Amino acid sequence: MRTDFLIIGSGIAGLSLALRLSKFGKVIVITKKRKAESNTNYAQGGIASVLGTDDNFDLHIKDTMDCGGGLCSLEAVKKIVADGPNIIYDLLEQGVRFTKDSKGKLKLGKEGGHSRSRIVHAKDLTGKEIERALLYGISKNKNIKIHEYFFSIDLLTNKNIQNKIRKKDKSCYGIYALNVKSNKVEKIISRKTIIATGGLGQVYLHTTNPAIATGDGFAMGYRAGCELSNMEFVQFHPTSLYESEVDIDSQVFLISEAVRGAGAVLRLKSGKEFMHKYDKRKSLAPRDIVARAIDSELKKSGDPFVYLDCSPIGKKVKNEFPHIYKKCFERGIDITKDMIPVVPAAHYACGGIKTDLEGKTNIKNLFACGEVAMTGVHGANRLASNSLLEAVVFADSIYNSIAKELKTSKVRKSFNTNLKLIEDSILNWTDDGTENAEEKIYFSHDKREIKEIMSDYVGIVRSISRLERAMRRSKMLREEIKEFYDRTKVSVELLELRNLVTVSYIIIKSAMKRKESRGLHYMLDFPERDDKTYLNEINFKKK
Ligand code: FAD
Ligand code: SIN
């Protein structure tokens with residue numbers, strides 16, 4: 001396949017960008033499962049934007065910066081905040097049905113760390129509604145083609161080009177992708193490639209992220225030579241529904257922070273409130289504080305969960321959060337009467353492939369957008385509901401950057417180079433010397449081991465000895481998986497395993513470099529924040 005723009009991923013970032021770039025040429029979107037399957041599809045709370053009469057940009061900027069523990073880029077934060085209202089109007093124009101009040105005004109919810117109500121939402125199924133509207137728009141657009149069940153394996157860069165035309169500056173020419181249905185590896189050649197592959201929650205045992213979130217984009221970027229930053233900052237959402245047993249690839253059900261925004265409070269199993277001991281904002285403090293407080297209380301009491309008490313919301317809880325009501329009811333919990341057992345779960349990657357304000361990576365013609373990107377917005381801890389916002393704002397930036405580039409005739413000329421020539425010079429995928437995996441037990445065993453290491457030693461509370469232990473085990477797994485990969489024909493399970501072990505290694509290594517506590521990275525050995533040494537990003541790049 002050859003195309004002007006290749007977008008890897010069909011979440012909010014990929015789809016928003018596809019709709020924009022289709023004005024300039026042919027867009028291919030590939031996605032590893034069904035097109036709606038993404039983190040976006042499960043987003044509940046909504047999108048933060050300054051729309052209330054009591055709100056202003058400075059307040060949203062301050063809340064975001066406060067939450068980010070000194071590591072947010074002010075420029076990036078100003079950008080998402082200032083673009084926020086237009087992004088919401090644009091989504092409305094694209095047909096997203098956000099919840100409105102009886103006067104037709106957008107209803108604004110509240111979430112942790114926000115000093116004002118500013119969360120635009122579609123009841124408690126905001127992400128699903130956004131995916132529906134964007135996919136509908138794409139279905140009417142002749143310039144965009146979505147290929148489901150295409151798994152991006154690796155980026156095509158100079159090392160994949162035959163020597164004679166290898167250029168000096170590192171560029172991206174597309175990807176090798178596994179066509180899952182035909183089981184063949186194909187080259188997809190593109191003028192511009194955008195990684196929009198979402199998060200990495202599946203590197204942990206308990207995660208709100210669906211099975212697709214195996215960190216493929218981070219690992220792919222790393223292997224190609226992208227710079228990654230802030231990977232130690234993995235956000236744990238304080239309130240996922242407690243399940244006594246969780247399957248290895250499954251996701252735990254989220255109880256949106258908007259429920260606490262509407263008045264619900266956290267209580268110990270004994271019924272006592274506890275958040276006042278940790279923060280004056282109590283149950284509505286930023287996520288790092290609430291998740292750590294729950295973790296600490298659970299360790300003290302030995303209980304398996306704490307409770308979320310929805311009674312302060314009253315009967316309207318059923319109407320405001322119908323999906324959460326339904327899901328809990330199916331498990332025998334009536335949230336109009338019963339308290340919900342909750343625990344923290346891995347939720348969001350604050351770090352990622354480093355980009356500038358135009359979404360560009362350090363590799364030419366390669367962009368990153370959405371959760372996989374590190375734009376500087378989130379710093380050491382993301383403010384609730386800033387992620388969907390960041391994804392669309394930066395999709396818009398990439399579009400504007402490419403629009404600007406195409407205005408210059410030199411670029412327009414090189415944009416029209418023959419893609420077939422590039423395709424012919426890219427080395428073909430070869431699986432000579434590899435065999436089909438004889439025993440699938442390796443996949444599930446290694447995956448469980450990675451997840452256990454990450455959950456036990458690289459979770460909410462870390463220490464030098466835990467991280468060192470994690471690194472020793474991860475190193476061995478990396479070596480074994482590499483050796484297994486080199487002699488085995490690719491499959492989705494094998495590719496995901498390779499990516500999971502790569503991403504876990506990057507998180508552990510980054511965490512070891514930050515010898516302080518900041519935002520989501522809490523170290524028992526260094527409980528204080530150290531601005532003298534660590535007021536910067538931990539950058540990570542393959543040597
Ligand atoms: P995604 O939506 O995850 O899309 C990634 C896409 O890439 C998917 O289509 C996937 O299949 C594809 N992909 C991945 N790897 C490959 C590969 N190797 N080859 C091909 N395709 C691939 N944020 C908010 O701001 N507000 C909220 O209310 C909110 N609620 C959330 C609730 C839940 C339960 C979760 C899990 C997250 C929530 N978040 C929320 C975070 C937010 O949803 C995500 O950060 C955001 O949706 C990410 O969008 P994205 O487009 O970057 O990635
Ligand atoms: C939630 O609804 O609690 C999730 C919001 C987010 O992750 O930003």
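Residues numbered from 1 in each chain as written. Chains lettered and ligands numbered in written order. Predicted model: local features only at pLDDT ≥ 70, side-chain atom pairs only at ≥ 80, totals over all residues. Heavy atoms only, no water.

### Let's talk about the site of ligand 1
Rule in force here: If a single non-hydrogen atom of a residue is within 4 Å of a molecule or strand, that residue counts as near it. As used in this structure description, the phrase polar contact means that two N or O atoms lie within 3.5 Å; if the pair is within protein, one of them must be able to donate a hydrogen and the other to accept it, and residues adjacent in sequence are counted only when both atoms belong to side chains. What sets the accessible areas is the Shrake-Rupley method with a 1.4 Å probe; for residues, cover comes only from the shown protein chains. The numbering of helices and of strands both runs from the N terminus, where a helix is a DSSP run of H or I of at least 4 residues and a strand a run of E of at least 2.
Taken together, 38 residues lie around ligand 1, and Thr40, Gly46, Glu371, Ser387 and Leu388 are the ones closest in. Between a nitrogen atom of ligand 1 and a main-chain N or O atom of Lys32, the distance comes to 3.1 Å. A distance of 2.9 Å separates an oxygen atom of ligand 1 from a polar atom in the backbone of Gly45. Protein coverage of the free-state accessible area of ligand 1, which is 1000 Å², stands at 98%. When residues of the shell around ligand 1 are traced back to their parent elements, those giving at least two are α1 (12-21), β7 (150-156), β14 (340-349) and α10 (387-406).

### Structural notes on the pairing of strand β1 (residues 2-8)
The condition that has to hold: The cut-offs for exposure are 20% and 50% of the maximum accessible area for each residue type, with area from a 1.4 Å probe on protein chains only; residues under the lower value are buried, those over the upper are exposed, and the others partly exposed. When DSSP finds two or more bridges between two strands, those strands count as paired. By convention, a crossover is right-handed whenever its connection, traced from the first strand over the helix to the second and viewed with the strands pointing away, goes clockwise.
Among the seven residues that make up β1, six are buried, leaving the element largely enclosed by the rest of the structure. In this structure, β1 lies alongside strand β9 (residues 184-195), joined through six bridges in parallel fashion. Within β9, the residue paired with Arg2 across the bridge is Ile189. Where β1 meets strand β2 (residues 27-30), four bridges bridge the pair, whose relative direction is parallel. For Phe5, the partnering residue across the bridge sits in β2 and is Val27. Since β1 and β2 lie parallel, the crossover through α1 that links them has a hand, and here it is right-handed.

### Concerning the environment of Pro344
Going by this rule: Contacts: residue pairs with any heavy atoms within 4.5 Å of one another.
With respect to the element layout, Pro344 can be found in strand β14. Judged by its relative accessible area of 15%, Pro344 is buried. Once the C-alpha coordinates of Pro344 and Ala291 are considered, the two residues, 53 residues apart in sequence, prove to be 5.8 Å apart. Excluding its chain neighbours within four sequence positions, the residues that come into contact with Pro344 are Phe236, His237, Pro238, Ser240, Ala291, Ile294 and Ile460.

### Digging into the sheet that holds strand β10 (residues 228-229)
The cut-off we apply is this: Lines fitted to C-alpha atoms define the axes, with helix axes restricted to the stretch in contact, and inter-axis angles between N-to-C directions lie between 0 and 180 degrees.
Strand order in this open sheet of four strands is β17-β15-β10-β20, and the pairing throughout is mixed. Looking at the sheet topology across the chains shown, the edges are occupied by β17 (373-374) and β20 (539-540). Judged from the two bridges that link them, β10 and β20 form a sheet pairing that is antiparallel. Residue Ser229 lies in a different strand from β20, and its bridge partner there is Asn539. On the sheet, helix α5 (residues 216-224) packs against β10, β15 (352-354) and β20 and is oriented at approximately 40 degrees with respect to β15.

### Here's the deal with helix α9 (residues 322-330)
Regarding α9, the residues found buried are His323, Ile324, Tyr325 and Cys328. Packing partners of the buried residues in α9 comprise α6 (257-261), α8 (317-320) and β14.

### Observations regarding the layout of surface pockets
Inclusion rule: The pocket and cavity definitions rest on a 1 Å grid over protein atoms only: a 1.4 Å probe that fits but cannot leave marks a cavity, an open set with protein on both sides within 12 Å along at least five of seven lines marks a pocket, and residues lining either have an atom within 4 Å of a point. Grid points are joined across faces, edges and corners, and a volume is the space filled by probe spheres set on the points. Residues are sorted three ways: Asp, Glu, Lys and Arg are charged, Ala, Val, Leu, Ile, Met, Phe, Trp, Tyr, Cys and Pro are nonpolar, and all the rest, Gly among them, are polar.
Estimates place the volume of the second largest pocket at around 820 Å³. If you trace the second largest pocket, you find 28 residues lining it, with Asp154, Arg223, Tyr485, Asp486 and Arg498 closest to the centre. Only β7, α5, α14 (464-486) and α15 (492-513) provide two or more residues apiece to the lining of the second largest pocket. The element contributing the most residues to the lining of the second largest pocket is α14, with seven residues. Looking at side-chain class alone, the lining of the second largest pocket contains nine nonpolar, six polar and 13 charged residues.

### Description of the pairing of strand β8 (residues 174-179)
The buried count for β8 comes to six of six residues, which makes it a mostly enclosed element. The pairing of β7 with β8 spans six bridges and is classified as antiparallel. Among the inter-strand pairings, Phe151 is bridged to a residue of β8, identified as Leu178. Two strands pair when backbone bridges link them, and β8 and β9 are joined in this way by six bridges, in the antiparallel orientation. Bridging from a neighbouring strand, Gly174 pairs with Ile189 of β9. Here β8 folds back onto β9, and the loop between the two strands holds four residues, one of which, Asn183, carries a positive phi near 60 degrees.

### Overview of the side chain of His378
When you line up the elements, His378 lands in the loop between β17 and α10. Here His378 falls in the buried class, since its relative accessible area comes to 3%. Side chain to side chain, His378 and Tyr348 meet in a polar contact 3.0 Å long. Once residues within four sequence positions are removed from consideration, His378 is found in contact with Gly68, Cys72, Tyr348, Cys350, Asn386, Ser387 and Glu390.

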